[in-house]
Amino acid sequence: MDTFVQILVSGLTLGAMYALSTIALSLVWGSLNMLNMAQGALLTIGGYISFAAITYLGFPLFLGLVTAAGTGVLLGLAMYFGIIRFMFEKDGFETNVIIATIGLAMMMENIVLKAFGAYPFQQPFAVDGGFRLLDVHIPYQNLVIIGVSVGMMVATAWLLGHTRLGRAIRATAQSREAALLNGVPVRRIFAQVLALSGLLAAVSGVMLSSITTLAPTMGYDPLLKAFIICVIAGLGNVAGALYAAFLLGMFEAGVQYFLGVRFGFPALLLLVIIALIWRPYGVFNRRKVARL
Amino acid sequence: MIRRDLAIGLIFLACAIALPFLGPSRYVITQLFLFFLWATVVTQWNLVFGVAGIFSLAPMVLFAFGGYAAGMIGLYLEWSLWVALPIAGLGTVLFSLLIGLACLRLRGAYVALLTLAIAQVVYLLIITDTECFFMDGMTCRNFTGGTRGLAKYGDFGFRDLLGRQDWVMGSYFTGLALLALATLASIIIIRSPLGLAFQALRDNPAYAVSQGISRFKYQLLVFALSAFFTGLAGGIYAGHFSVMGANTLYLSLLLFLLSMMVVGGVGSVWGPLLGAAVLMLTDEALKEVIEYRSIGLGLLLVLFAMFWPKGIAGVLNGVNERLKRRFRSRVRS
Amino acid sequence: MTGPLLELVNVHAGYQGRSVLHNISLTIPEGSFTTIIGPNGHGKTTLLRCISGLIPLSEGDVIFDDAPLKNLRADQIVERGIVHVPQGDIIYPDMTVRDNLLMGAYLPSVSADADKLLGEVHRIFPRLAERRNQIASTLSGGERRMLSIGRGLMTGGRLLMIDEPSLGLAPVVVDQIYEVVADFKKQKRTIVLVEENASRVMELADAIILIDNGQIVWQGAPDELMTHTEIVETYLGG
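Residues numbered from 1 in each chain as written. Chains lettered and ligands numbered in written order. Predicted model: local features only at pLDDT ≥ 70, side-chain atom pairs only at ≥ 80, totals over all residues. Heavy atoms only, no water.

**Considerations on the overall build of chain A**
Helix and strand counts for chain A stand at 11 helices and 2 strands. The order of α-helices and β-strands along chain A, N terminus first, is α-α-α-α-β-β-α-α-α-α-α-α-α. Computed over its C-alpha atoms, the radius of gyration of chain A comes to 19 Å, within 12% of the 19 Å expected for a compact globule of 292 residues. By the burial criterion, 58% of the 292 residues in chain A qualify as buried. In the structure as shown, chain A presents an accessible area of about 11,200 Å², 68% of it carried by carbon and sulfur atoms. Taken together, the 17 basic and 10 acidic charged side chains of chain A have centroids lying 11 Å from each other. (Helix = DSSP H or I, 4+ residues; strand = E, 2+ residues; numbered from the N terminus. Rg over C-alpha atoms; globule rule 2.2 N^0.38 Å. Buried < 20%, exposed > 50% of the residue type's maximum accessible area, 1.4 Å probe, protein only. Areas by Shrake-Rupley, 256 points an atom, 1.4 Å probe, with all protein chains shown as cover. Lys, Arg positive; Asp, Glu negative; His and termini not counted. Charge placed at Lys NZ, Arg CZ, Asp CG, Glu CD.)

Rendered as structure tokens:
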């Protein structure tokens, strides 16, 4: 029974971490057809900004989170006005944007490294304490993360599904030309989506670093995990991503427990390859998007 | 076109053969040796990305596979590295076919992330390898060498053949031979009907398919061929340094090579070589401010992707075309 | 009929340096029904895309309701009241039929009336009312065309441009679509219709514009056109 609770708790925590890693990437990739390889670096910067605001500037915890979120919005906008604006109407956008954002990720990661050093820090935005369920210790911070990740996912799904902005984003994703002819200001939508994704990424970064540690390279692993979730859920399917994140969290926790920690990620990769061959449109999705 | 390319290639080859006899330092020779290896990887990557249109980020996994395969054959079977090298090359081809079957039918972004995830999994499996595979005296050694790297698998025997002073020359010429063959393969593919078929697929996929051009078959072919040379480059790297480690899978190295390809010019014959040369020279020149190296590389990638997606080769081509047009119109008037 | 609602003055345009339209000048009076005909691939679609701002003009200007449109983006031009129903079926494949139609009323100026407009579109195309909760990609070809036109109607606007509404449809469906188009004429809407095949639109049109090789070859009233036997033979297949 303890084993079961143990796997359940670490599975839910992993699932929450996946959900946090995925949400911003999935939003931008699904709605703008733009794979943002700098998403991981945005997570990292979010985590560090919260750390710096709380530790160096003495901000209260919550204000640290808000500062990180605000920085995320600014970075998202900077990305649009500095880079994406010049590219997204040209041929070869899909690959060129991957190269550009790889370069951007490299720059941001190394700027963080220069500013804070390679020494791993503890994220101060965290809740102390925990409780026992049967014989398993459960920190409150894990519950916070699970709550925030589900909350952000649900809020994003609601925004996309039930608001005017959400409809405009989906329209832009499905047919840029039709959206323009319906009066959707497509450029502004790009800027808005990137700003929103910056916000989500920064908050996710704070949450993720609160149960791991802050390190300049902390964003790389979530990028790959996010990809795995996007494949399983189907691109741009935010609700599906929520299920997929927790299912895969459980799966990885089980693999780690029974086969050893080092086989967790390889097992996920194998699952993704099978999924890509079996259902290239995602296990939870209708439409074919991954295959040519 | 193909004659011009071959002529350019022969001139470079002659210069590279003559160069060691002008008495450069050992450091220069070693850097040039590395240039040959990276340029080989980049020209082959260019065939996959620039010609066949597969945005794979797998080259360094293939490189590492070749290196580890050669090292393991040397260590566990105790065969000469000269025998191990072609076997490692062919092994890399098989490995690349597995990757290819998993991802070649996918869209660009999926290929990029899937190959990156494969690289990361291979890296993690190597550095978390702590199980004892065999005992080396009193120390426990892992199957892959783990974080310490794979070692003691012998070398190419250049030290015995050329002496302690000149053995680097052996590596230099081995690397040069590999680059020459890899470039030849690249010229043939880009200028051959195969290259034209890919161009047709890019320009008009529907027509190309109606002509019976199977994208998947050709892509797999190019993928496998380029894996062969990439694997050989890995094997030669392992043979030269006498140790093969997971540091070949560092993201920074992959991005250094990506910058070479993007800056040089994706899809062209000479662009990748030019890019490799430019980036290695820049890297050398910026040794003083090494801490800004990655920021500079990142900026370079962003700028080229934004403004010159065809790289230096593309810019030069554009200038050339414009000059030609101006010249022609002047002749006419 | 009053003064011109839309006027094109010496318009030149093309794609990536390849020029397609040369020196196009025309006027569309308010309440008129204009049909643009001509062989495929000779600039009819490009002309509509130019007016709606999807491609930039290289020379000349488009004047709508006395204001020049030259430097406006497509989404700003729709706001001025030009509605373009593009060629083929440019729909939102993953949205429901209802959401597709509501996107037509995206502009703040019409979104308040969205429910009223939706009712009207459902009256014109009862089929779309039946399928309102279906995902658009599962519709048949004819239904997609109705959706595409219906979405254009949702935008309201003062000028409705429809690009080849009969393209690739079965004759029965074409009849249905043209019944609706004939109603537009009765309602005195200002319509610009592009068709390759002129025979169906002859009795509807107030004016015909013939485009070949990116240039206006002829324009005038339909009955006048029939008197030019050489044009009828070349472009209308006799």
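**What about the interface of chain A and chain B?**
The interface of chain A with chain B comprises 40 residues on the first partner and 40 residues on the second. Considering only the side of chain A, the residues that lose the most area to chain B are Ile99(A), Met106(A) and Arg262(A), jointly responsible for 16% of the buried surface there. Taken together, the links from chain A to chain B amount to 0 salt bridges. When contributions to the side of chain A that touches chain B are tallied by element, the ones reaching two or more residues are α3 (61-87), α4 (93-116), α9 (220-233) and α11 (264-278) of chain A. Here the side of chain A that touches chain B takes 14 residues from α4(A), the largest share from any one element. Each residue belonging to the side of chain A that touches chain B can be placed in one class, and the counts come to 29 nonpolar, 6 polar and 5 charged. (Contact = heavy atoms within 4.5 Å. Buried area = accessible area lost by both parts, 1.4 Å probe. Salt bridge = Lys/Arg side-chain N within 4 Å of Asp/Glu carboxyl O. Nonpolar A, V, L, I, M, F, W, Y, C, P; charged D, E, K, R; others polar.)

**Considering the packing of helix α6 (residues 158-191) of chain B against helix α9 (residues 215-241) of chain B**
Residues and elements named next belong to chain B. The N-to-C vectors of α6 and α9 enclose an angle of 175°; their axes lie 11 Å apart at closest approach. One element, α6, and the other, α9, form an angle in the roughly antiparallel class. Contacts from Trp 167, Val 168, Ser 171, Thr 174, Leu 178, Leu 181, Ala 182, Ala 185 and Ile 189 in α6 reach Leu 225, Phe 229, Leu 232, Ala 233, Ile 236 and His 240 in α9. Broken down by class, the residue content of the contact of α6 with α9 amounts to 12 nonpolar, 3 polar and no charged. (Axes fitted to C-alpha atoms, helices over the stretch in contact; angles between N-to-C directions. Parallel < 35°, antiparallel > 145°, perpendicular 65-115°, else oblique.)

**Topic: the interface of chain C and chain A**
With 26 residues of chain C at the contact, the number on the chain A side is 20 residues. Roughly 2,200 Å² of surface becomes buried between chain C and chain A when both sides are summed, with 57% attributable to carbon and sulfur atoms. A per-residue breakdown of the area chain C buries against chain A is headed by Tyr92(C), Asp94(C) and Tyr106(C), which together make up 28% of the total. The tally of links from chain C across to chain A stands at 2 salt bridges. In this structure, Arg170(A) engages Asp99(C) in a salt bridge whose closest nitrogen and oxygen atoms are separated by 3.6 Å. One can count 7 residue pairs in polar contact (both at pLDDT 80 or more) joining chain C with chain A. Among the secondary structure elements, those contributing two or more residues to the side of chain C that touches chain A are α2 (74-80) and α3 (97-104) of chain C. By residue number, the principal contributor to the side of chain C that touches chain A is α3(C), which donates 4 residues. (Polar contact = N/O pair within 3.5 Å; in protein donor to acceptor, adjacent residues only side chain to side chain.)

**Some remarks on the sheet that holds strand β4 (residues 57-64) of chain C**
All names here are of chain C. An order of β2-β1-β4-β5 is seen for the 4 strands of this open sheet, with the pairing classed as antiparallel. Among the strands making up the open sheet, the edge pair consists of β2 (18-29) and β5 (67-68). Both strand β1 (residues 4-15) and β4 contribute to a ladder of 6 bridges, which runs antiparallel. Residue pairing for β4: Glu 7 is matched across the bridge by Ile 63. Along the sheet, helix α1 (residues 44-51) makes contact with β1, β2 and β4, crossing β1 at roughly 115°. (Pairing = 2+ DSSP bridges.)

**Some remarks on the sheet that holds strand β9 (residues 207-212) of chain C**
All names here are of chain C. Read from one edge of the open sheet, 6 strands run β6-β7-β8-β3-β9-β10, paired in mixed fashion. Edge positions in the open sheet fall to β6 (82-85) and β10 (215-220), since each of these has one partner strand only. If you compare each strand with its neighbour and ignore which way they point, the axes differ by 15° on average. Pairing analysis gives 4 bridges linking β6 to strand β7 (residues 159-163), with the strands arranged parallel. Counted as the bridge partner of Val 83 is Leu 160 from β7.

**Overview of the nonpolar core**
General note: in soluble globular proteins, nonpolar side chains tend to be found buried as a group. Grouped together as the largest cluster of nonpolar side chains are 211 residues, with contacts concentrated most on Trp29(A), Ile84(A), Trp38(B) and Leu114(B). Among the elements that line this core, the one with the most residues is helix α2 (residues 26-51) of chain B, at 15 residues. When residues of this core are sorted by domain, at least three fall in each of domain 1 (2-249) and domain 2 (251-333) of chain B. The next biggest cluster of nonpolar side chains, apart from the first, holds 47 residues, and it includes Val121(C), Phe125(C), Val180(C) and Ile208(C). (Core = buried A, V, L, I, M, F, W, Y, C linked by side-chain atoms within 4.5 Å. Domains from an automatic or database assignment.)

**Quick notes on the domain arrangement of chain B**
Residues and elements named next belong to chain B. Domain parsing of chain B yields domain 1 (2-249) and domain 2 (251-333). With centres defined by C-alpha atoms, the gap from domain 1 to domain 2 works out at 22 Å. Domain 1 puts 30 residues into the contact, and the matching count from domain 2 is 20 residues. Summed over both partners, the interface of domain 1 with domain 2 buries about 2,100 Å², with 80% contributed by carbon and sulfur atoms. Scanning the region where domain 1 abuts domain 2 turns up 5 residue pairs in polar contact (both at pLDDT 80 or more). Going through the elements one at a time, α1 (2-18), α2 and α6 are the ones with two or more residues in the side of domain 1 that touches domain 2. Across the side of domain 1 that touches domain 2, the residue classes break down as 20 nonpolar, 8 polar and 2 charged.

**Description of the side chain of Ser259(B)**
Structurally, Ser259(B) can be placed in helix α10 (residues 251-264). For Ser259(B), the contacting residues outside a window of four places in its chain are Gly264(B), Leu279(B), Leu297(B) and Leu301(B).

**Things to note about the arrangement of the chains**
When the 2 pairs of chains in contact are compared, the highest contact count belongs to chains A and B. In this structure chain B stays clear of chain C, and the shortest span between their C-alpha atoms is 15 Å.

**Remarks on the packing of helix α5 (residues 140-162) of chain A against helix α8 (residues 186-211) of chain A**
Residue and element names in this part refer to chain A. Interaxial distance between α5 and α8 falls to 9 Å at its minimum, and their mutual angle equals 165°. One finds that α5 runs roughly antiparallel with respect to α8. Considering the relative orientation of α5 and α8, their crossing is left-handed. Judged by residue contacts, Gln 141, Asn 142, Val 144, Ile 145, Val 148, Met 152, Thr 156 and Leu 159 of α5 engage Leu 196, Leu 200, Val 203, Ser 204, Met 207, Ser 210 and Ile 211 from α8. (Left-handed = near helix turned anticlockwise from the far one by under 90°.)

**Thoughts on α3(A)**
Given a rise of 1.5 Å per residue, 27 residues ought to cover 39 Å, and the 38 Å separating the end C-alpha atoms of α3(A) matches this to within 8%. A bend of about 40° at Phe81(A) is the largest found in α3(A). Gly64(A), Leu65(A), Ala68(A), Ala69(A), Gly72(A), Gly76(A), Met79(A), Tyr80(A), Ile83(A), Ile84(A) and Met87(A) are the residues of α3(A) that are buried. Buried residues in α3(A) make contact with α2 (39-55), α4 and α8 of chain A together with α12 (293-307) of chain B. (Expected span 1.5 Å × (residues − 1). Bend = angle between axes of the 7 residues up to and from the residue.)

**Notes on a positive patch on the surface**
Residue and element names in this part refer to chain B. A cluster of basic residues, Arg 322, Lys 324, Arg 325, Arg 326, Arg 328 and Arg 330, forms a positive patch at the surface. Within the secondary structure, Arg 325 is located in helix α13 (residues 311-332). The class for Arg 325 is exposed, based on a relative accessible area of 55%. (Patch = residues over 30% accessible without salt bridge, like charges linked within 9 Å, V, L, I, M, F, W, Y side chains within 5 Å.)

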